[in-house]
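# Report on the structure
Listed below are the residues making up each chain.
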Amino acid sequence: MEAPARDYDLVLFGATGFVGELIAGYLADHAPPDLRVGLAGRSRVKLEAVRSRLPVAAHDWALIEADSDHPDSLAALAAGTRVLFTAVGPYAKYGLPVVEACARAGTHYGDLTGEVSFLREAIDRCDALARTTGARIVHACGYDSVPSDLAVLLLHQAVEADGAGGLTEVRLVARAKGGFSGGTIESMRGQLEGMRSDPVLRSLAGDPYSLSPDRTAEPETRQPADLGWVGRAEDGLRTAPFIMASANTRIVRRSNALQGWAYGRSLRYGEVMGMGRGPAGAVIAGATALGLRMFGAALALPPTRKLLDRVLPSPGAGPSEAARRSGWFRSQVTASTESGRRYRAVAAGPGDPGYAATAVMAGETALSLALDGDRLPPAAGSLTPATALGDVLVNRLRAAGHTYEVNALT
């Protein structure tokens, strides 16, 4: 661990939210006893209640009052810790002042965002500053987009080691058991409202390279559509659009560009969701594709949105512990290369991907930023899980019970 220079090694901001408390619980179970951890949020009373429910290892953790609407409190929060992980969303509404405070203070930062418009604004406003101060600004550290980003990194490493040329056609098929959190739905609502009212945001959402560090240098390679219709995977699995593809694919392409297009300038990367086999799988895939479009349209329109608000989970709400434990995720990524060789990577793990599994990914990201120091890739600025943490995070997640593996097929 680096020599102590600030009051805390790691602060979790938003610890009173549903996912924030899950992350706090994971940290209480896995952080070394000498790690100086703080819990931050707007209400000390609520922070005290959260701390009282955590394992005994967390009962002496500091409680820090801070508010995204009060820049001075964020500046003090960022200046007092080496690492700040925030679970306060929607990030487009609350996140930018937190990123700016960390970039200015040289504080490493992590979040759970899958909001492309927020990511673009955070990159534009904070990347150069963070590079100057040495801050690692690491976005998308949960199910958005750790499995996707690390699986493609492992594919690249295997292909490079074999001298098989760059990656060309790469496709992730996601399967999972779990639900959407109220916070995720609130983020989706905000993005849809923004795109409906702002043509710049609509254009950004439609650009497959919208998170590129240098848009003019990107190749002309045509990318798969984020929300296509039904299809079929190589193993006969019927597929439907994957609602997280729009964020995950852009994170992976940013990782490629940040590494000088090391994965290959001909990379075509897409994601779909596996639904089942045979006629039943085809029906489910078709219904899912249609349902996603109808859901998006309903969420964007005020009259139908009010109806949905009555049945959808509200921000801060989530499933029972039993439901979280019964979930799982499995992302299988198949890749072709310039030499004609083919590879397959798998990222998988137990637990509802949006809750239990995300708490593992977020917790290990935060611990890696706080503890792993010189073992991390030499990088600063607005980064991705692959470019900020790379193999170090892969190994941490493996040790935590997640699967990350890659094999040559031909």
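Read on for a plain summary of the structure. Chains are numbered independently. Their residues run from 1 in the order of the written sequence. Under the rules for a predicted model, residues below a pLDDT of 70 receive no local features and side-chain atom pairs below 80 are neither given nor counted, while totals for whole chains, interfaces and linings still include all residues. Where side-chain values are given, they derive from all heavy atoms of the structure, hydrogens and water being excluded.

Let us now look at the sheet that holds strand β10 (residues 268-276). If DSSP finds at least two bridges between two strands, the strands pair. The helix and strand labels rest on DSSP assignments: H or I over at least four residues marks a helix, E over at least two residues marks a strand, and numbering proceeds from the N terminus. Pairing is mixed across the open sheet formed by 7 strands, whose spatial order is β8-β9-β10-β7-β11-β12-β14. Both edges of this open sheet fall to β8 (231-232) and β14 (403-408), since each of them pairs with a single strand only. Looking at chain direction, strand β7 (residues 167-177) and β10 are connected through 6 bridges and run parallel. When the sheet's bridge partners are listed, Val173 is paired in β10 with Val272. Running at roughly 145 degrees to strand β12 (residues 342-350), helix α7 (residues 146-162) makes contact with β7, β10, β11 (328-337), β12 and β14 of the sheet. Contact definition: two residues touch when any of their heavy atoms are within 4.5 Å. Think of each axis as a best-fit line through the C-alpha atoms, taken over the contacting stretch in the case of a helix, with angles from 0 to 180 degrees between the N-to-C directions.

One less than the residue count of a helix, multiplied by 1.5 Å, gives the span that helix is expected to have. The end-to-end C-alpha separation of α7 is 24 Å, in line with the 24 Å expected for 17 residues at 1.5 Å each. After α7 finishes, the residue Gly163 shows a positive phi value of roughly 60 degrees.

Here a salt bridge means any side-chain nitrogen of Lys or Arg lying within 4 Å of a carboxyl oxygen belonging to Asp or Glu. By the definition in use, this model includes 16 salt bridges. Of the charged contacts, one joins Glu169 and Arg268 as a salt bridge, the two residues approaching to 2.8 Å between their closest N and O atoms. Here Glu169 is found in strand β7, whereas its partner Arg268 is found in strand β10, with 99 residues between them in sequence. Burial classes: relative accessible area under 20% of the type maximum marks a residue as buried, over 50% as exposed, and values in between as partly exposed (1.4 Å probe, protein chains only). The class of Glu169 is partly exposed, set by a relative accessible area of 39%. Judged by relative accessible area, which is 25%, Arg268 ranks as partly exposed. Where salt bridges share partners, they join Glu364, Asp372, Arg375 and Arg396 into one cluster.

Moving on, we get to the sheet that holds strand β2 (residues 37-41). Reading across from one edge, β3-β2-β1-β4-β5-β6-β13 is the order of the 7 strands in this open sheet, with parallel pairing throughout. In this open sheet, the two strands that pair with only one neighbour each are β3 (62-65) and β13 (381-383). With direction set aside, neighbouring strand axes in the sheet form an average angle of 20 degrees. For strand β4 (residues 81-86) and strand β5 (residues 108-110), the ladder comprises 3 bridges, and the chain directions are parallel. Bridging across to β5, Leu84 finds its partner in Tyr109.

The next point concerns the packing of aromatic side chains. Any pair of Phe, Tyr and Trp rings, taking the six-membered ring for Trp, is counted once the centres come within 6.5 Å. Such a pair is stacked with planes under 30 degrees apart, edge-to-face with planes over 60 apart, and tilted for the rest. A full pass over the atoms with the stated rule returns 4 aromatic pairs. Geometrically, the ring pair formed by Tyr91 and Phe118 is tilted, given 5.7 Å between the ring centres and 35 degrees between the ring planes. Of the two residues, Tyr91 is situated in helix α4 (residues 91-94) and Phe118 in helix α6 (residues 116-133); the sequence distance between them amounts to 27 residues. With respect to burial, Tyr91 and Phe118 carry one shared label: buried. The rings of Tyr143, Phe242 and Phe329 are connected pair by pair, giving a single aromatic cluster. Our definition puts a charge over a ring when NZ of Lys or CZ of Arg is within 6 Å of the ring centre and also within 35 degrees of the ring normal. The cationic tip of Arg265 hangs over the ring face of Trp261; the distance from NZ or CZ to the ring centre is 4.8 Å.

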